[in-house]
Amino acid sequence: MKTFKYLIGMFILASVFFACEDEYEPVSDFADAGFYTSYGSQVGRSAVVGDYAAFMDISQGAIYHHWAVDSGNYFLEGPIPRGVEDFTSYIMNEGDTSIHDINANILFAKGDTAFQVRLFNVFEDSVAWRGVDETTGWPYEAKNHSAVYHEDGEWAGKWVFEYNILVDVYDTIITDMELRNQGVVIDHTVEGDTVKIKAGEELQFADLSAELDNTSRPDGTTWRILNAPENSGENEVYTTSSKTIADITFKKMGNFYIELTAKREAQEGLVGDTETYLAPIVINVAQSDLPFEQQGQIRQNKDKTVNVIFNALIADVIHDDAKNLFTVNVEGNPDPIAVTKVERVENNQDNLLLTLAEEIYYGDVVTMTYTKDETIGITSQDERALESFTDVKVFVYDPNMLDLTAASFEDALGDYWADQRKGTGTVEYSTEQAATGNQSIKGVNPGTSGNQMRFSSNADALLTIESGVTYTVKYKRFLTADTDLAGGDKFYIGEGGTLNVIQINNVDNLLDPGQKCHLFTGNPTEAWYEMEFEWTADKDYVGAFLTVQVNPKAGTFYYDDFYISPKVEKP
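Please read all numbers here as calculations on a predicted model, not as lab measurements. (Residues numbered from 1 in each chain as written. Predicted model: local features only at pLDDT ≥ 70, side-chain atom pairs only at ≥ 80, totals over all residues. Heavy atoms only, no water.)

Participant: Sorry if this is basic, but what is going on with the overall build of the chain here?
Facilitator: In terms of regular secondary structure, the chain is built from two helices and 43 strands. Relative to its length of 571 residues, the chain is extended, with a C-alpha radius of gyration of 38 Å against a globular reference of 25 Å. Its C-alpha atoms give the chain principal-axis dimensions of roughly 110 × 75 × 40 Å. Considering only residue pairs separated by 6 or more positions, the chain has 73% of its internal contacts joining residues 24 or more positions apart. Carbon and sulfur atoms form 46% of the exposed surface of the chain, whose accessible area is close to 28,000 Å². Charge-centre separation for the chain: the mean point of 41 positive side chains lies 9 Å from the mean point of 92 negative side chains. (Helix = DSSP H or I, 4+ residues; strand = E, 2+ residues; numbered from the N terminus. Rg over C-alpha atoms; globule rule 2.2 N^0.38 Å. Contact = heavy atoms within 4.5 Å. Areas by Shrake-Rupley, 256 points an atom, 1.4 Å probe, with all protein chains shown as cover. Lys, Arg positive; Asp, Glu negative; His and termini not counted. Charge placed at Lys NZ, Arg CZ, Asp CG, Glu CD.)

Participant: Got a minute to help me understand the pattern of salt bridges in this structure?
Facilitator: In total, this model carries 22 salt bridges according to the counting rule given. Asp70 is the salt-bridge partner of Arg118, the closest N and O atoms lying 3.3 Å from each other. On the criterion of sequence distance, the pair formed by Arg118 in strand E10 (residues 112-123) and Asp70 in the loop between strand E5 (64-68) and strand E6 (74-76) is long-range, its members being 48 residues apart. Owing to a relative accessible area of 24%, Arg118 belongs among the partly exposed residues under this scheme. With its nearest N and O atoms 2.9 Å apart, the salt bridge here joins Lys158 to Glu124. One end of the pair, Lys158, is in the loop between strand E13 (148-149) and strand E14 (159-170); the other, Glu124, is in the loop between E10 and strand E11 (127-133), with 34 residues separating them in the sequence. Classification of Glu124 as partly exposed rests on a relative accessible area of 46%. In the salt-bridge network here, residues are joined through shared partners; they are Asp316, Arg344 and Glu346. (Salt bridge = Lys/Arg side-chain N within 4 Å of Asp/Glu carboxyl O. Buried < 20%, exposed > 50% of the residue type's maximum accessible area, 1.4 Å probe, protein only.)

Participant: Just to check I follow, could you spell out the packing of aromatic side chains for this structure?
Facilitator: To describe a pair of aromatic rings, you give the distance between the ring centres and the angle between the ring planes. Taken as a whole and assessed by the stated rule, the structure comprises 35 aromatic pairs. Their ring planes at 65° and their centres at 5.1 Å tell us that Tyr52 and Phe87 sit as a pair that is edge-to-face. You can see Tyr52 sitting in strand E4 (residues 52-57) and its partner Phe87 sitting in the loop between E6 and strand E7 (91-92), a full 35 residues away along the chain. Considering the side-chain rings of Phe409 and Tyr429, the 5.9 Å spacing of their centres and the 85° angle between planes classify their relative orientation as edge-to-face. Residue Phe409 is found in the loop between helix H2 (404-407) and strand E32 (417-419), and its partner Tyr429 is found in strand E33 (residues 426-430); the two are separated by 20 residues along the sequence. Overall, the relative accessible area of 15% leaves Tyr429 in the buried class. Among the aromatic residues, those joined into a cluster by ring pairs are Phe409, Trp417, Tyr429, Phe455, Tyr475, Phe491, Phe533, Tyr559 and Phe562. Above the face of the Tyr563 ring, Lys474 is positioned so that its terminal group lies 5.1 Å from the ring centre. (Phe/Tyr/Trp six-rings, centres within 6.5 Å; stacked < 30°, edge-to-face > 60°. Lys NZ or Arg CZ within 6 Å of the ring centre and 35° of its normal.)

Participant: Is there a simple way to think about the side chain of Gln300 in this case?
Facilitator: Structurally, the position occupied by Gln300 is in strand E25 (residues 298-300). Assessed through its relative accessible area of 9%, Gln300 is described here as buried. Polar side-chain contacts of Gln300 include one of 2.9 Å to the backbone nitrogen of Tyr397. Excluding anything up to four places from it in sequence, Gln300 contacts Thr305, Val306, Ile360, Val394, Phe395, Val396 and Tyr397. (Polar contact = N/O pair within 3.5 Å; in protein donor to acceptor, adjacent residues only side chain to side chain.)

Participant: Got a minute to help me understand the sheet that holds E33 in this structure?
Facilitator: One key point about sheets: their strands pair by backbone hydrogen bonds, in either a parallel or an antiparallel sense. Read from one edge of the open sheet, five strands run E33-E34-E43-E37-E41, paired in antiparallel fashion. Looking along the sheet, the strands with just one partner apiece sit at the ends: E33 and strand E41 (528-536). Direction aside, neighbouring strands of the sheet carry axes that sit 30° apart on average. By the bridge criterion, five bridges tie E33 to strand E34 (residues 440-445) in an arrangement that is antiparallel. Along E34, the bridge assignment pairs Val427 with Gly443. (Pairing = 2+ DSSP bridges. Axes fitted to C-alpha atoms, helices over the stretch in contact; angles between N-to-C directions.)

Participant: Sorry, what's going on with the sheet that holds strand E30 (residues 366-370) here?
Facilitator: The mixed open sheet is built from seven strands, whose spatial order is E27-E30-E31-E25-E26-E29-E28. One side of each edge strand has no neighbouring strand; the edge strands of this open sheet are strand E27 (326-330) and strand E28 (339-344). Ignoring which end each strand starts from, the neighbouring axes of this sheet average 25° apart.

Participant: Sorry, what's going on with the environment of Val271 here?
Facilitator: Mapped onto the elements, Val271 comes out in the loop between strand E22 (254-264) and strand E23 (273-278). Val271 sits in the exposed class, given a relative accessible area of 52%. The spatial distance from the C-alpha of Val271 to the C-alpha of Leu519 is 70 Å, given a sequence separation of 248 residues. With sequence-adjacent residues up to four places away left out, Val271 is seen in contact with Val48, Arg264 and Ala266.

Participant: It is not clear to me how the environment of Tyr90 should be interpreted in this structure. Could you clarify?
Facilitator: Position of Tyr90 among the secondary structure elements: in the loop between E6 and E7. Of the residues examined, Tyr90 reaches a relative accessible area of 21% and is grouped as partly exposed. Separated by 481 residues in sequence, Tyr90 and Pro571 place their C-alpha atoms 86 Å apart. For Tyr90, the contacting residues outside a window of four places in its chain are Phe75, Leu76, Glu77, Pro79, Ile80, Pro81 and Val84.

Participant: Explanation requested: the nonpolar core in the structure shown.
Facilitator: The nonpolar side chains of soluble globular proteins are, as a tendency, buried together. Formed by 36 residues in total, the largest nonpolar core has its most connected members in Leu402, Trp417, Phe455, Tyr559 and Phe562. Contributing elements (two or more residues each) for this core: H2, E33, strand E36 (463-465), strand E37 (470-479), strand E38 (488-495), E41, strand E42 (541-550) and strand E43 (555-566). Broken down by element, this core gets its largest block of residues, five residues, from E42. Those residues in contact with Leu402 that lie beyond four places of it in its chain are Ala407, Trp417, Ala461, Leu463, Phe562 and Ile564. Counting residues in hydrophobic clusters, the runner-up holds 29 residues, among them Val308, Phe310, Phe326 and Leu356. (Core = buried A, V, L, I, M, F, W, Y, C linked by side-chain atoms within 4.5 Å.)

Participant: Sorry if this is basic, but what is going on with the confidence of the model for the chain here?
Facilitator: Note: predicted coordinates in regions of low pLDDT should not be interpreted at a detailed level. Summing up the model confidence of the chain, the mean pLDDT is 88 and the portion of residues at 70 or higher is 90%. Under a pLDDT of 50 for its full length, residues 1-30 has, in the predicted model, 90 contacts with residues more than four places off or in other chains. (pLDDT = per-residue confidence, 0-100.)

Okay, structure coming up:
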């Protein structure tokens, strides 16, 4: 039995476009078989509908040969010049599903995940090829492909070799969608139909393009909700979403159109595809029956403005005197703070920014009140007047340089904080005690020199320290009853590979002159209490970290609620 050698990759076909031979003739008495394709040595072949690939039979000694494909696909007359996009004029013998030429240019006209280009050869002698089983997918398994001897029939006494070259053919994308209102599917295909909702209500848009019975396999979705021309210009975008199933709330009155784009990103050797559908249905949004209200938390921003959120979009025009309808009170202050400016957040139009005449500070107890006024007051885009609200808490900006998770040890050890223990001292996160949240950081010292709790802030909690700036540092600690109160803790700023560039709580330890730390003595056990100190930076530190070391006295210690920020000078 002679060997059938799979010769793909022996030479490059990327720029070869086969011309067709009129007849197939055996080259010699030597029997062997093989083929080239324009895919080179690639086995996992892919194409898109409307594209073509080239195949060449290089068999030796075959007495009969043909290429075959399923109906609906086409053979093209070669050579085919580069740059051709429409191959219709190159179709030969339209309707034929087989060709006897050595070379075959095959136009893929139907999507099929396992399109078969069938090579059929007849030999006087047996042939075999040890190649792969293309039907298994990656990783492909080795397999012997042998000619079959026919006892009877058309090829009685001959050896027939058949091999299916598989190509994954991607179909052209076809868009499909569902429009749902509170779970009810609405027909979006009727020209002139209208779905009516009210401002603040939600519609659901589902991209079903990937669920159609074809092989297009889109992998991306873009919804665009477009303003009708009478709203604010020709097809201006109201909102967008890239979710396959998008729940979109309409906060603005007017008419809107739905546009869906389904796409498939290009891959190596495979062009992408995009299809866009503009639904003929109109979404009509009328004024809401619900009150226009403040919702969510009122928060001060880092730039000292105050952000207020509402349950609907705010009108384009805000009356100059609307600021006088807001009252901001600070506990302990006899007079309210005036609001000097009210403006809408343009990229989030259900938010207002308020500028205050005086500063408020972290630690202040601040509330806000608004008095409804249908003449000069805040209104929504669907023309509802904002309802009054009273004494709503204002969350004052927290200048802590450590975010909430890092400050309260609510992460996992190694994320924000690193174990830097010395000797047999221990460091771990614990739920046994917590000042706030669910966790604190716990350490145990055995009471011998060089064995102590030590930890530092990690890469996700690095600090930028400015020379000459005074910083306030606060923290809470909890000592168990058996802790030796002669101990204490030291705080350092570390930089680079050094954990303790400079100690920042440089306090005299009266029990052990020459050692400086925050002593445990004089403080309670079995209870959380807060410590506070200030430090003025001696130089700039970039990418710095905070290191805490407990002096080597025996005990069990818990730390929580760390705080470091530039000192606030409150008048």
